[in-house]
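One letter stands for each residue in the lines below.
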Amino acid sequence: MLFRSALLGTTALVMAGPAMAGDIRPVVDVSTELANDLRGLTWAADGKIYVSGHVGTANEETRTVVGRFNADGTPDTSFSDDGFVEVDLAPGRQEQSLTIAELAGGDVVTAVNAVDEDKGQSVYLLRFDSTGKQKVAPAWGDEQGRVEVVFGWPNAQNESYPGVETPPVDNAWDVIVDRSGGGERLVIVGFGPAPEGTGRTDNDRYVLRLNAADGTPDTSFNGGKPFSYHSAATFGDNARRAVVEPDGSILAAGYTNLGDLGTHVLLLRLTPAGTLDQSFGNFIEPATSGESVGLKPQPGVAVFNPFAADGGFAECYGFVKLSDGSYVTTGYGGATGKGVPSTLGFKTSTAPDVGSFKLTPGGTALDRSWGNNGILAIQSEEAGQPTAEDRTRALVPLADDRTVQVGRYGGIAAVFVVTPQGRLDTSVDGDGIIQLGHPKIDAQFFNAALSADGKHVAATTNANPGGARLVVLEVQD
């Protein structure tokens, strides 16, 4: 097998060793200077790869980019002239795209978080055809091709926002195509200020479903309004990646900082109608976390921090459902507080640690058979790495119920292959960790996507002045 690497225009071929069934190997590693961040990622129906992100390194200005790669990692020049389209929605200000999705007709939709002139931030959906041409009114949105995604506050009402000196800031983290109803709808997941009438300005979580044809609200989902979730007090609720299941149910990952109790994973499962799924969650662990801050168990919501016993914290960037109905999360945290010895068998944390957890089928409890008493903590302390920083930012499930989780190990971009039992798969690269350093781009992997045939995993990187990166790994038969 050949390993193709194209590093900022330089192509090299490296022969890998004999392939073994179940092994996972990088087959494409490409970098581009046409983007500095490519956190939006999806496979196209024809096997090509769409990406979105931004270009620019100055804090005061970045511009949205949307691109398409061929399966071998070369830019697809049939999409615009060089494979990339650049859009400037907020001239002189910051904008970013964290997500992109392909529709059945070949169009793609991306969500852009753009800083407004009043220093707030708005979410807009942009749409492009398969040649890279942006659609604008009347085909899509306004004269700039923008469909505003309204979470708690539309731009038109910003002047009435509490504490208007700090205008509302909305963030979209994921856009997923929902085909469960026979047509196509767009599920948008993110966070923003609490809804009007609450008097609060802390962040709430939001899930919204729009009609893919024109971006109008889908009235069959929560009456056409965004579903909003508030945990307790004035804690900021953070949304991350989501999954739309075949029946239209929505898994929404995220976390909430519960003040002195630290950050806890907070998962939501919604029905296709946009209500909390009464069969999921309904637990807080440890139970004292809820009691002390006024957060009560609620059907449809799972709250937990298995590191709490040692003063640690836990965040979740994504979770997926396995074949037996159980759920696996990915993210990072701290196995212990600063300088605190572990009572759970881990090293004392000196930097963030990977934290992955599993919920039982139905998602009503933590699965204590996962990893070490319900915890997979990956720590590079004392491992001779450049740093002790370990994180995961996204995951995909394989057909054999292993998960591929992407992020950083000891400061180096890395891919973690995890068994269904919550242990690193040592049949892959000797320790289950595929380290993929780069001479110019030290960014971590921030998103992952699984090809339609389940045999290839794409991963892309976050913001870096050296450019952005796409890696494709192949699951060996």
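What you are looking at is a predicted structure, and each value in this text was computed from that prediction instead of being measured. Within every chain, residues take consecutive numbers counted from 1 along the sequence as written. Local features in a predicted model are, by the rule used here, given only for residues with pLDDT of at least 70; side-chain atom pairs are given and counted only at 80 or more, and totals for whole chains, interfaces and linings are based on all residues. For the side-chain quantities, the full set of heavy atoms in the structure was used; hydrogens and water were omitted.

## With respect to the overall build of the protein
Helix and strand labels come from DSSP, where a helix needs a run of H or I of at least four residues and a strand needs a run of E of at least two; each type is numbered from the N terminus. Across its full length, the protein carries one helix and 34 strands. In this setup the radius of gyration rests on C-alpha atoms only. A globule is expected at 2.2 Å times the number of residues raised to 0.38. Whereas a compact globule of 477 residues would reach a radius of gyration of roughly 23 Å, the protein reaches 21 Å, a difference of no more than 12%. Along the three orthogonal principal directions, the C-alpha set of the protein runs to about 55 × 55 × 45 Å. Relative to its 477 residues, the protein shows a buried fraction of 60%. In this description, contact between two residues means that some pair of their heavy atoms is separated by no more than 4.5 Å. Of all intrachain contacts in the protein linking residues separated by at least 6 positions in sequence, the fraction that spans at least 24 positions is 52%. For the area figures, the Shrake-Rupley method with a 1.4 Å probe applies, and any residue is considered shielded solely by the protein chains shown. On the protein, roughly 17700 Å² of surface is accessible, and the fraction owed to carbon and sulfur atoms is 51%. Neither His nor the chain ends is counted toward charge; the positive residues are Lys and Arg and the negative residues Asp and Glu. To locate a charge, take NZ of a lysine, CZ of an arginine, CG of an aspartate or CD of a glutamate. For the protein, the separation between the mean place of its 35 positive charges and that of its 59 negative charges on side chains is 2 Å. Relative accessibility decides the category of a residue: with a 1.4 Å probe and only protein chains considered, values under 20% of the type maximum give buried, values over 50% give exposed, and everything between is partly exposed.

## Details of the sheet that holds strand β14 (residues 203-211)
Criterion used throughout: strands pair if DSSP finds at least two bridges between them. With antiparallel pairing, four strands are arranged side by side in an open sheet as β12-β13-β14-β15. Looking at the sheet topology across the chains shown, the edges are occupied by β12 (171-178) and β15 (227-229). For this sheet, the mean angle separating the axes of adjacent strands, direction not counted, is 15°. A fitted line through C-alpha atoms represents every axis, and for helices the fit uses only the stretch in contact; the resulting angles, taken between N-to-C directions, go from 0 to 180 degrees.

## Remarks on the pairing of strand β32 (residues 445-450)
Within β32, five of the six residues are buried, which leaves it mostly tucked inside the rest of the structure. Two elements, β32 and strand β33 (residues 456-461), share five bridges in a ladder whose sense is antiparallel. Its bridge partner being in β33, A449 is matched across the sheet by A458. The antiparallel hairpin formed by β32 and β33 contains five residues in its connecting segment, where G454 sits at a positive phi of about 75°.

## Considering the pattern of salt bridges
For salt bridges, the criterion is a side-chain nitrogen of Lys or Arg within 4 Å of an Asp or Glu carboxyl oxygen. Under the counting rule described, the total for this entry stands at 27 salt bridges. Close ionic contact of D37 with R39 constitutes a salt bridge, the shortest N to O distance being 2.9 Å. Across the pair, exposure class does not vary: D37 and R39 are buried alike. Notably, a salt bridge pairs D400 with R402, separated by 2.8 Å at the nearest N-O pair. Here D400 falls in the partly exposed class, since its relative accessible area comes to 42%. Assessed through its relative accessible area of 7%, R402 is described here as buried.

## Observations regarding unusual backbone geometry
Of the consecutive residues A137 and P138, the connecting peptide bond is found in the cis state with omega at 5°. Mapping P138 onto the fold places it in the loop between β10 (121-128) and β11 (147-149). Backbone geometry at N222 places phi at a positive 50°, although glycine is not the residue there. Examined against the element boundaries, N222 turns out to sit in the loop between β14 and β15. Phi is positive for D429, close to 60°, though the residue is something other than glycine.

## Notes on the pairing of strand β29 (residues 403-409)
Burial runs high along β29: seven of the seven residues are buried. Of the pairings in the sheet, the one linking strand β28 (residues 391-397) to β29 comprises six bridges and is antiparallel in character. In the sheet register, V396 faces β29, and the bridge partner there is V404. The turn joining β28 and β29, which pair antiparallel and follow one another in sequence, is formed by five residues; a positive phi near 70° is taken by D401.

## What about the packing of aromatic side chains?
Two rings belonging to Phe, Tyr or Trp (six-membered ring only in the last case) form a pair when the distance between their centres is within 6.5 Å. Interplanar angles under 30 degrees mark stacking, angles over 60 mark edge-to-face geometry, and anything in between is tilted. For the structure shown, the criterion picks out 17 aromatic pairs. Among the aromatic residues, those joined into a ring-pair cluster are W173, Y255, Y317, Y332 and F446. One residue, R391, lies across the ring of Y332, its end atom 4.5 Å from the ring centre. Note on criteria: charge over ring means Lys NZ or Arg CZ within 6 Å of the ring centre, with the direction from the centre no more than 35 degrees off the ring normal.

## Describing the nonpolar core
Nonpolar cores are built from buried Ala, Val, Leu, Ile, Met, Phe, Trp, Tyr and Cys residues. Side-chain atoms within 4.5 Å join them into one set. The biggest cluster of nonpolar side chains holds 30 residues, and the ones touching the most others in it are V207, F227 and L268. Among the secondary structure elements, those contributing two or more residues to this core are β12, β13 (185-193), β15, β16 (237-244), β17 (250-257), β18 (263-270) and β20 (301-304). Leaving out residues up to four positions away in the same chain, L268 has contacts with R205, F227, Y229, I250, L251, A252, L276, F280, G300, V301 and F319. The next biggest cluster of nonpolar side chains, apart from the first, holds 20 residues, and it includes A302, F304, C316 and F357.

## Details of the confidence of the model for the protein
Here pLDDT means the predictor's own confidence in every residue, given as a number from 0 to 100. On average, residues of the protein carry a pLDDT of 93, and 96% of them reach 70 or more. Between residues 1-15, whose pLDDT stays under 50, and residues either more than four places distant or in other chains, the model counts 44 contacts.

## What about the environment of N462?
Residue position: N462 is located in the loop between β33 and β34 (468-475). Residues N462 and D442, 20 residues apart in the sequence, show an inter-C-alpha distance of 9.6 Å. Residues contacting N462, with those up to four places away along its chain left out, are N36, D37, R39, A443, Q444 and F446. Any N or O atom pair separated by 3.5 Å or less is treated as a polar contact, with the protein-specific requirement of one donor-capable and one acceptor-capable atom, and with residues adjacent in sequence counted only for side-chain atom pairs. At 3.3 Å, the side chain of N462 forms a polar contact with the backbone nitrogen of Q444.

## With respect to the environment of I441
Within the secondary structure layout, I441 lies in the loop between β31 (433-435) and β32. Judged by relative accessible area, I441 falls into the buried class, the value being 2%. Residues I441 and A468, spaced 27 residues apart in sequence, show a C-alpha to C-alpha distance of 7.2 Å. Those residues in contact with I441 that lie beyond four places of it in its chain are S31, N464, G466, G467 and A468.

## Remarks on the sheet that holds β29
Pairing is antiparallel across the open sheet formed by four strands, whose spatial order is β28-β29-β30-β31. For this open sheet the edge positions go to β28 and β31, each flanked by a neighbour on one side alone. For this sheet the average axis-to-axis angle between neighbouring strands, irrespective of direction, equals 20°. Relative to strand β30 (residues 412-418), β29 runs antiparallel, the two sharing seven bridges. Directly across from R408, in β30, lies its bridge partner A413.

## Overview of the side chain of N36
For N36, the location among the structural elements is in the loop between β3 (24-32) and β4 (37-43). Looking at N36, its side chain comes within polar contact range of the main-chain nitrogen of G56, at 2.8 Å. Sequence-distant contacts of N36, defined by excluding residues within four places in its chain, comprise H54, V55, G56, T57, N462, A463, N464, P465, G466, G467 and A468.

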